[in-house]
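# Chains, contacts and geometry: an overview
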Amino acid sequence: MAEHPFAIPLTAGDGGLVPLPAAERRRLTVFGAPAELVCLPHRAARHGRPSASRPAFRASIAERILAEETLWSGGGFAVTANRYPFAAEQRIVWPQHGTREHGLELLAAVFDWVDRLDGTGFVNGIGAAASIAWAHAHVSPERLPFLSALGERLAGGDWLPAVTGVEFVHKNVPFCLLGVRGDAAARARAVVRLGLSRMTATVTMVTTGGATWLMPRAAETPVPWFPYALGAAEAWGRWCYVEQEPFAAATAADLERALVAAGVPAIS
C-alpha cells in the first residue's frame, strides 16, 4: 500500500484546542540532556488511565469522541483536541475507520503534518501509556531539547529494513532508542517495516526535527522510579506527574532508571 497522499492542513483543529494548564515545573539533567518535570493534576481524570488493574476489555469511547469532539476531518482522518494535554496546542489524529495498529497511511500523514508544523508527534500503543486502543497520534507545535541533546551513532545490522531514503541511528543511552531520519513518507515506510520485525509487544514513538524515535517497550509503568505509565511525553523529555509528592521527590537517577526499566537493552 502506498503512503496516504492527503496532507492534513496546518490549522486543522485549531478552533477547539484545550490550553495546557499552568503547571509546576522542575528541570533535571537526564543522561546528560535537559529534561522537564511537570505536575499536571488534570490528567488524573483521563478515562482508562493505564494501571495494573486495567481490565482485559473495556467499552470503546473512541466512537463517541469522534462523533462529539471532531474539530476537522478529511482524507479518512479526524482531528480532535486533547482534553488532557501534556503539550501546547495539542491535537489528536485518528483514522476514521478504527484500527488498533498505527498503519502506513496514518503514520505518513502524521509525520508530514509534524514536519510542516516543525513540531512534535507522539504515538503510544496499549502497553506503552495509551488509554484508548483505537490507533491515534498526538501532534503539537512545541519542541523540547532532550532528544537532540543526546549523543548518537549510526545503526547497522541485517534486521534493519532496506528502505530507500532513510538513515538509522541509535541514541547513546543504555536502552534501545532507535532513530529513523528521512522524509515523512520514507520514514513511515521504514517504521512500518520495523514493526514487522520488532519482537516487543509495543513501542513508544516520538517524531520531531525530521526524525522518528522508537523506544521498544519491556514495561509500561517502571515503578518505583516513575509511578505512572511512561509514554511518548517522557521519551520526549517531559515527565508528567499527576500528584505533587512524587513530582517533588523525583531525581535524575530515578528518571534514568525508569527509562532503562521501561525499555529494552541498547543494541551494540
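Before reading further, recall that the structure is shown in the block above.
Predicted, not measured: the structure shown is a model, and the values here were computed from it.

What follows covers the overall build of the protein. Secondary structure assignment for the protein yields 7 helices and 13 strands. The C-alpha radius of gyration of the protein comes to 17 Å, within 12% of the 18 Å expected for a compact globule of 268 residues. Within the protein, the proportion of its 268 residues that are buried is 52%. Look at the contacts in the protein between residues 6 or more apart in sequence, and 65% of them connect residues 24 or more apart. When the accessible surface of the protein is totalled, it reaches about 11600 Å², and 56% of it is carbon and sulfur.

Okay, the packing of aromatic side chains next. Taken as a whole, this structure holds 8 aromatic pairs when the rule is applied. Here Phe-31 and Phe-175 contribute two aromatic rings whose centre-to-centre distance is 6.0 Å and whose plane-to-plane angle is 45 degrees, an arrangement assigned as tilted. Taken together, the residues Phe-31 in the loop between β1 (24-30) and β2 (33-39) and Phe-175 in the loop between β9 (167-171) and β10 (178-181) connect sequence positions 144 residues apart. You can call Phe-31 partly exposed: its relative accessible area is 23%. Phe-175 gets classed as buried once you look at its relative accessible area, which sits at 2%. Here the aromatic rings of Phe-122 and Trp-236 are separated by 4.8 Å at their centres, their planes lie at 80 degrees, and the arrangement is edge-to-face. A residue pair is termed long-range when its members are at least 10 positions apart, and Phe-122 in strand β6 (residues 120-124) and Trp-236 in helix α5 (residues 232-236) qualify at 114 residues. Taken together through their ring pairs, the aromatic side chains of Phe-226, Tyr-228, Trp-239, Tyr-241 and Phe-247 make up a single cluster.

Before going further, it helps to examine the environment of Pro-21. Within the secondary structure, Pro-21 sits in the segment before β1. Taking C-alpha positions, Pro-21 is 25 Å from Gly-209, a pair spaced 188 residues apart along the chain.

For sheets, the rule is that strands pair by backbone hydrogen bonds, running either parallel or antiparallel. As summarised here, the arrangement of the 10 strands in space is β3-β4-β5-β7-β6-β11-β12-β10-β9-β8, forming an open sheet in which the pairing is antiparallel. Each of the sheet's edge strands pairs with one partner strand only, and the pair in question is β3 (72-74) and β8 (152-154). The mean inter-strand angle of the sheet, taken between neighbouring strand axes irrespective of direction, is 25 degrees. Of the strand pairs in this sheet, strand β4 (residues 77-81) and strand β5 (residues 91-95) are connected by 5 bridges, and their pairing is antiparallel. If you follow Phe-77 over to β5, its bridge partner there is Pro-95.

The description of two packed helices rests on the angle between their axes and on the distance between the axes. Close contact between helix α2 (residues 104-117) and helix α4 (residues 184-197) brings their axes to 8 Å; oriented N to C, the two are set at 140 degrees. Judged by the inter-axis angle, α2 sits oblique to α4. The handedness of the crossing between α2 and α4 comes out as right-handed. Listed contacts from α4 to Leu-104, Leu-107, Ala-108, Phe-111, Asp-112 and Asp-115 of α2 are Ala-184, Arg-187, Ala-188, Arg-189, Val-191 and Val-192. Here the contact of α2 with α4 is built from residues that sort into 8 nonpolar, no polar and 4 charged.

Time to look at the pairing of β1. Inspection of the sheet shows β1 paired to β2 by 7 bridges, in the antiparallel sense. Looking at β2, one finds that Arg-25 is bridged to Val-38. Following β1, the chain reverses through 2 residues before pairing antiparallel with β2; Phe-31 in that reversal takes a positive phi of roughly 50 degrees.

So, on to the sheet that holds β1. In space, the 3 strands of this open sheet follow the order β1-β2-β13, with mixed pairing throughout. Here the strands that pair on one side only, and so sit at the sheet edges, are β1 and β13 (238-241). Between one strand axis and the next, the sheet turns through 25 degrees on average, direction left out of account. Two elements, β2 and β13, share 4 bridges in a ladder whose sense is parallel. Residue pairing in the sheet places Leu-37 in a bridge with Trp-239 of β13. Contacting β1, β2 and β13, helix α7 (residues 252-262) crosses the sheet at an angle of about 70 degrees to β1.

Rules used in this analysis
- Residues numbered from 1 in each chain as written.
- Predicted model: local features only at pLDDT ≥ 70, side-chain atom pairs only at ≥ 80, totals over all residues.
- Heavy atoms only, no water.
- Helix = DSSP H or I, 4+ residues; strand = E, 2+ residues; numbered from the N terminus.
- Rg over C-alpha atoms; globule rule 2.2 N^0.38 Å.
- Buried < 20%, exposed > 50% of the residue type's maximum accessible area, 1.4 Å probe, protein only.
- Contact = heavy atoms within 4.5 Å.
- Areas by Shrake-Rupley, 256 points an atom, 1.4 Å probe, with all protein chains shown as cover.
- Phe/Tyr/Trp six-rings, centres within 6.5 Å; stacked < 30°, edge-to-face > 60°.
- Pairing = 2+ DSSP bridges.
- Axes fitted to C-alpha atoms, helices over the stretch in contact; angles between N-to-C directions.
- Parallel < 35°, antiparallel > 145°, perpendicular 65-115°, else oblique.
- Left-handed = near helix turned anticlockwise from the far one by under 90°.
- Nonpolar A, V, L, I, M, F, W, Y, C, P; charged D, E, K, R; others polar.

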